[in-house]
Amino acid sequence: MKPRRVGMARGYEEMDGANVPRPPGSTATVGGAANGADSLSGGASSPQSPVSPPVGSMLAGAAPEFELASVSVVPDDTYTVTQAVNALGFGWFQVKLSLCVGLCWMADSMEMTILSVLGPALHCDWGISRYQQALVTTVVFLGMMLSSTFWGHLSDRYGRKPALTLCGVLLFLYGLLSSVAPSFGWLLLLRGLVGFAIGCVPQSVTLYAEFLPTKQRAKCVVLLDCFWALGACFEVALALAVTPTLGWRWLLGLSAAPLFIFAIITPWLPESARYHVTSGQNDKALNTLEQIAKDNRRPMLLGRLVVEGPSGSRGSLKALLGSSLRRTTLLLWFIWMSCAFCYYGLVLMSTELFGGKNKTIVDGAMTDDGITIDCQPLATTDYMDLLWTTLAEFPGIFATIYVIEKFGRKKTMALQFLFYAGCVLMITVTEVRVFLTIILFMARGVIAGLFQAAYVYTPEVYPTALRSVGVGGCSALARLGAMATPYIAQVLFQSSIWSAVTVYGIFAACASVACMLLPYETRGADLAH
């Protein structure tokens, strides 16, 4: 592809050899006039083109005279969105998009991290049972699971931008209303609606990945986890500052602040150029690509923008389970489910391990069954240890960036699952607080990087027409794993630590095998067409 020359019409290219001096008296020829009058339409308007004067006036003796040796336009000189994004490179456009999508992930992380603090707080404040405490977490992931495919279909039909805009507004609204819930039933309903809105967040990764050059795609998508880790750390620090004095209601209200900011900036998000091309809106896709060129200070490509491949069954679950994608889809569903099961299980277990040292009996407080409540308020040291383990996500991210490009996506995920299994099994070996914190630190880092490796691989392996629904389907299965994990990390863990960590170890080992059975390795490949 060539850069578009100033003054040339969109969709055409001026070929080499147009300005070739000819000896006096020789005959001027106009060659390669493909497709009749259309062949000259691109160069005719250019102030740099020698074709503007009539041919007769040029033959009359203008000095110096030129021969139109090989002026031709090639209508088939086309390019795809992938080629354009790769040619325009990484620049200011991607930096702005990174900040917007990163804020979305930060808000999502805060809403997820708050679950590990909210359960124990409600256990002490409202006297809810262990099963009710687990239900607070489960209902959020139930909403996310039910909505993931819905958001995928909505994104494929109306675009990524409208879906994310609606997501931001609903998240802020339901998050704020949760802080004033009058009863446990109302709180469950509102947290379920928060989960429903969060189901759209994975679509931000789809939008982000579609604007990244191939060479930078894996690193940039993994770096999104920096915003996730930042949100998790901020939520723990906010809980430390707010919960002991103002209570959990203020914590829920203040945690909705990033959602309000995201809802405000979503109208400035760009729409996916791939979505526009697949939808037949080439003009809008060209406008987006020209904005990328302008922001990145790169010349726009010449030629005609075309669809990258056959669209197939767009947004169809049936297409995901077709013969060519069935094995990939089923394995990814299990991998995502195991990843969420292990990640959120570790987050909840960390709170149980640290908070269990502060077990107290609340005077006169009993459950409906007449059982005295064993309240476990988190102390300052517990919040600090939680903050340390959360910070582990940063080295986990950077290690994943290096390993994922060196060894590939499949091997990276398989090794990370095995390492996680070894770490959680070591929890039962020691009761020393320092060693326990180190073990949780390592496990948290590796599972955080693994989650991002899955986010890198999944959009790469699905074609454009199925990418949103593919990521949405995987996200739905991930929520199924997250729905089950509270009953292991909060209920079973109280009766038998060994049984709980064994369950996580088995799931991680099976998921490691599933990673190696994936049929495609996408390292260094363009996004699937």
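Residues numbered from 1 in each chain as written. Predicted model: local features only at pLDDT ≥ 70, side-chain atom pairs only at ≥ 80, totals over all residues. Heavy atoms only, no water.

Novice: Any chance you could explain the overall build of the protein chain here in plain terms?
Specialist: Helices and strands together make up the secondary structure of the protein chain, namely 21 helices and six strands. In the protein chain, the share of contacts with a sequence separation of at least 24, taken over all contacts with a separation of at least 6, comes to 83%. When the accessible surface of the protein chain is totalled, it reaches about 21100 Å², and 67% of it is carbon and sulfur. (Helix = DSSP H or I, 4+ residues; strand = E, 2+ residues; numbered from the N terminus. Contact = heavy atoms within 4.5 Å. Areas by Shrake-Rupley, 256 points an atom, 1.4 Å probe, with all protein chains shown as cover.)

Novice: Just to check I follow, could you spell out the pattern of salt bridges for this structure?
Specialist: Close approach of charged atoms lets side chains of opposite charge pair. Per the counting criterion, the structure on display carries nine salt bridges. The partner of Arg-191 in a salt bridge is Glu-111, and the shortest N-O contact between them spans 2.8 Å. Of the two residues, Arg-191 is situated in helix α7 (residues 184-198) and Glu-111 in helix α4 (residues 92-125); the sequence distance between them amounts to 80 residues. Accessibility classification places Arg-191 together with Glu-111 in one group, the buried group. Residues Arg-433 and Asp-382 are paired through a salt bridge, measuring 2.7 Å at the closest nitrogen-oxygen approach. Here the residue Arg-433 occupies a position in helix α19 (residues 433-461), and Asp-382 occupies one in helix α16 (residues 380-391), the gap between them amounting to 51 residues. Classification of Arg-433 as partly exposed rests on a relative accessible area of 25%. (Salt bridge = Lys/Arg side-chain N within 4 Å of Asp/Glu carboxyl O. Buried < 20%, exposed > 50% of the residue type's maximum accessible area, 1.4 Å probe, protein only.)

Novice: Would you mind showing me how to read α7 here?
Specialist: One full turn of an α-helix is made of 3.6 residues, so residues set three or four places apart face in the same direction. With 15 residues, α7 extends 21 Å from end C-alpha to end C-alpha; this agrees with the ideal 21 Å at 1.5 Å per step. Within α7, burial applies to Phe-184, Leu-187, Leu-188, Leu-190, Arg-191, Gly-192, Val-194, Gly-195, Ala-197 and Ile-198. (Expected span 1.5 Å × (residues − 1).)

Novice: Would you explain unusual backbone geometry in this entry?
Specialist: Trans peptide bonds make up most of the peptide bonds, and negative phi angles are found at most residues other than glycine. Unlike most non-glycine residues, Arg-297 shows phi in positive territory, near 55 degrees. Locating Arg-297 in the fold gives a position in the loop between α13 (282-296) and β4 (304-305).

Novice: Help me understand the environment of Leu-166, please; the structure alone is not making it clear to me.
Specialist: For Leu-166, the location among the structural elements is in helix α6 (residues 160-178). Spatially, the C-alpha atoms of Leu-166 and Ala-197 are 8.3 Å apart, while their sequence positions differ by 31 residues.

Novice: Looking at this model, I keep getting lost on a nonpolar patch on the surface. Mind explaining?
Specialist: A contiguous nonpolar patch, built from Met-384, Trp-388, Leu-391, Phe-419, Val-432, Val-434, Phe-435, Ile-438, Phe-441 and Met-442 and spanning about 910 Å² of accessible area, is present on the exposed surface. If you list the elements that add at least two residues to the nonpolar patch, you get α16 and α19. If you tally residues by element for the nonpolar patch, the top one is α19, at five residues. Along the chain, the position of Val-434 falls in helix α19. Residue Val-434 is classed as exposed on the basis of its relative accessible area, which comes to 54%. (Patch = residues over 30% accessible without salt bridge, like charges linked within 9 Å, V, L, I, M, F, W, Y side chains within 5 Å.)

Novice: Looking at this structure, I do not really get the side chain of Ser-178. What am I missing?
Specialist: Checked against the element boundaries, Ser-178 lands in helix α6. Of the residues examined, Ser-178 reaches a relative accessible area of 0% and is grouped as buried. Non-local contacts of Ser-178, meaning those with residues more than four positions away in its chain, are made with Leu-187, Leu-190, Arg-191, Val-194, Trp-248 and Leu-252.

Novice: Help me understand the nonpolar core in this model?
Specialist: Where a protein is soluble and globular, its nonpolar side chains tend to be buried together. Grouped together as the largest cluster of nonpolar side chains are 141 residues, with contacts concentrated most on Met-112, Leu-289, Tyr-344, Tyr-420 and Ile-427. Per-element tally for this core: the top contributor is helix α15 (residues 326-355), with 17 residues. In this structure Ile-427 touches Met-349, Leu-353, Leu-436, Ile-439, Leu-440 and Val-501, once residues within four positions along its chain are discounted. (Core = buried A, V, L, I, M, F, W, Y, C linked by side-chain atoms within 4.5 Å.)

Novice: How should the environment of Met-144 be read in this particular structure?
Specialist: Turning to its location among the elements, Met-144 is positioned in helix α5 (residues 130-158). In sequence terms Met-144 and Ala-197 are 53 residues apart; their C-alpha atoms lie 7.1 Å from each other. In contact with Met-144, not counting residues within four places along its chain, are Met-112, Gly-195, Phe-196, Ile-198, Gly-199 and Arg-479.

Novice: Looking at this structure, I do not really get the UniProt feature "transmembrane region" (unreviewed entry) in the protein chain. What am I missing?
Specialist: According to UniProt, the feature "transmembrane region" (unreviewed entry) maps to residues 131-151, 163-182, 221-242, 248-269, 330-349, 386-404, 413-429 and 501-520 in the numbering used here. When the span residues 386-404 is considered, its composition is 95% helix and 0% strand, and the gap between its end C-alpha atoms is 27 Å. Taken end to end, residues 413-429 is 76% helix and 0% strand, and its two terminal C-alpha atoms sit 26 Å from one another. (UniProt positions renumbered as here; feature names shortened; annotations may be inferred.)

Novice: Before we go on, may I ask you to explain the packing of aromatic side chains in this structure?
Specialist: This structure, assessed with the given rule, holds 19 aromatic pairs. Centroid distance Trp-105 to Trp-228: 5.8 Å. Interplanar angle 70 degrees. Geometry classified as edge-to-face. Within this pair, whereas Trp-105 is found in helix α4, its partner Trp-228 is found in helix α9 (residues 214-246), the two being separated by 123 residues in sequence. The same class applies to Trp-105 and to Trp-228, which are both buried. Ring centres 6.3 Å apart and planes at 85 degrees place the aromatic pair Trp-336 and Phe-451 in the edge-to-face group. With Trp-336 in helix α15 and Phe-451 in helix α19, this residue pair connects regions lying 115 residues apart in the sequence. Phe-451 matches Trp-336 in its accessibility class, with the two residues each being buried. One aromatic cluster in this structure is built from Trp-105, Phe-141, Trp-228, Trp-336, Tyr-343, Tyr-344, Phe-451 and Tyr-455. (Phe/Tyr/Trp six-rings, centres within 6.5 Å; stacked < 30°, edge-to-face > 60°.)

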